[in-house]
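Below, each chain spelled out in residue letters.
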Amino acid sequence: PIWPGAARNIYEKLADAGFVHKLTGVCPTVAIHIPWDKVKDWDDLVEYADAQGVRIGAVNTNTFQADRYKWGSITHADPAVRKVALDHHLECIEIARRVGSPAISLWYGDGTNYAGQESFIERRHRMIAFFKEVYAALPNHMRMLIEYKFYEPAFYHTDLSDWGQAYAICMKLGPQAQVLVDLGHHAQGVNIEHIVATLLDEGKLGGFHFNNRKYGDDDLIVGTINPLELFLIYNELVAAGDAAKDVAYMIDQSHVIEPKIEAMVQSVINIQVAYAKALIVDRTCLREKQAAHDVLGAHRVLMDAFETDVRPLLAQVREEMGLHPDPIEALHQSGYEAKIA
C-alpha cells in the first residue's frame, strides 16, 4: 500500500529531503530520476529546491522500464532502439546542465538470460560506441558515473556486471567517466572495501549508492545488516585523503515497511557513525603494526575505533551546528510526518 505522506512528485520529494537536511545538516543535494521526476519548468524546480535548503544532485537516466528495452537498451542490436536511448541520455545531460547538476548517473539492466542468446563481444562493442557518444556530449564540468550490477534483471550475463567492467569502460572514455559503487550490487562475499581502495588509487571512484543487503539487492537501510563493512569502506575513504574529495555520496534504498523519512534520517546517522569511527583510527599505530607484521595488533587498531561509541561526539557536533543532538527525536517532535500524511 501507499505509505501515508509518501511523496507524489518531485516537489514533495524535495520538501521531504529539505526537512531531512534541516534535521541532519549534512544532506544538501537530491538526485533526480528521469522521466519520473521530469517537470516542464526546470528553473522553477531549482528555485523550489533552493527554498527547501537543498539543490539538485545527480541526474539518473532510465533505460530499463519501457518495453522497447526488452532485448537491451545501449547494447540492443537495433540501431533505432539505441538511438532512442541516446536521445534520452542527451536529454538528461541537458537537464543536468539546466539544474546545475555536476553528474549524470547511469545504470542498465542490459544482459541475457540464456547461453548463446547473443554475442558478449558484439554487445560490448555496441555499449562502448554508445558511451563514447554520451561522453562526447558532456560539458567540461560534468561527470558520468557508471554503475554496475552482477545480476537482475538479466540472469545469465549482465553487460556491466562488476567494477572491472565499469572501470574498463571508464578507461576508454576519459577523466570525466568514473565508477559508481552500489553496496548491494555484488555477489555474496565480495570485498567491497578492496574495490573502493582500488578505484580510489586509480582515481576512478565516482560515487556510492549506499544501502545494505542480506541476500541480494535488498536495498535495506545502510549500516543495518553489516555496519562493520560500512566502517571499513569509510576507513579506506579516510585513508585515501584528497583522493576521495570528489566522491559523490548518495543513498539508494527501498523503504517498504519502515517510515520513509525516519528511514532516511536513520540512514544518515548510520553513515555519520561509520565516518566518525573511521576518523578516529590511530593511523600511526596502524602503520607500525602493519610494518611489524603484527596481524592481530593491526586488526585491533581498527576494531578499537569500530567499537568506540561515537554517538555522544556526533550529538555534540550537531549542537555546535545549531541542530537538535538527536535527529530522530527532533523528527518525532516536529509533527512533520503527520502533517504530510
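Please read all numbers here as calculations on a predicted model, not as lab measurements. (Residues numbered from 1 in each chain as written. Predicted model: local features only at pLDDT ≥ 70, side-chain atom pairs only at ≥ 80, totals over all residues. Heavy atoms only, no water.)

Asks: Honestly, a negative patch on the surface in this entry has me stumped. Any pointers?
Replies: Together, D41, D44, E47 and D50 make up a negatively charged patch on the protein surface. Along the chain, the position of D50 falls in helix α2 (residues 42-51). (Patch = residues over 30% accessible without salt bridge, like charges linked within 9 Å, V, L, I, M, F, W, Y side chains within 5 Å. Areas by Shrake-Rupley, 256 points an atom, 1.4 Å probe, with all protein chains shown as cover. Salt bridge = Lys/Arg side-chain N within 4 Å of Asp/Glu carboxyl O. Lys, Arg positive; Asp, Glu negative; His and termini not counted. Charge placed at Lys NZ, Arg CZ, Asp CG, Glu CD. Helix = DSSP H or I, 4+ residues; strand = E, 2+ residues; numbered from the N terminus.)

Asks: Which parts of the structure should I look at to understand the nonpolar core?
Replies: Proteins that are soluble and globular tend to have nonpolar side chains buried together. I104, F131, M144, I146, F208 and L237 are the most contacted members of the largest nonpolar core, which has 75 residues in total. Here this core gets eight residues from one element, more than from any other, and that element is helix α3 (residues 79-99). With near-sequence residues (within four places) excluded, F208 lies in contact with L180, V181, L183, V196, I233, L237, V247, A248, Y249 and M250. (Core = buried A, V, L, I, M, F, W, Y, C linked by side-chain atoms within 4.5 Å. Buried < 20%, exposed > 50% of the residue type's maximum accessible area, 1.4 Å probe, protein only. Contact = heavy atoms within 4.5 Å.)

Asks: Looking at this structure, I do not really get the pairing of strand β8 (residues 205-210). What am I missing?
Replies: Across a regular strand the side chains alternate sides, sitting on one face of the sheet and then on the other. Within β8, six of the six residues are buried, which leaves it mostly tucked inside the rest of the structure. Bridge count for strand β7 (residues 177-182) against β8 is four bridges, and the pairing is parallel. In the strand pairing of β8, V179 is matched with L205. Following the chain from β7 across helix α6 (residues 192-202) to the adjacent parallel β8, one finds a crossover that is right-handed. Across four bridges, the pairing between β8 and strand β9 (residues 248-251) is parallel. Within the sheet, the bridge partner assigned to F208 lies in β9 and is Y249. Where the polypeptide runs from β8 across helix α7 (residues 227-240) and back to β9, its parallel neighbour, the crossover connection is right-handed. (Pairing = 2+ DSSP bridges. Right-handed = clockwise from strand over helix to strand, strands pointing away.)

Asks: Got a minute to help me understand the pattern of salt bridges in this structure?
Replies: Side chains bearing opposite charge may pair, as long as their charged atoms lie close to each other. In this structure the tally under the stated criterion is 14 salt bridges. What you see here is one network of salt bridges that share partners, running through E118, R123, R126 and D159.

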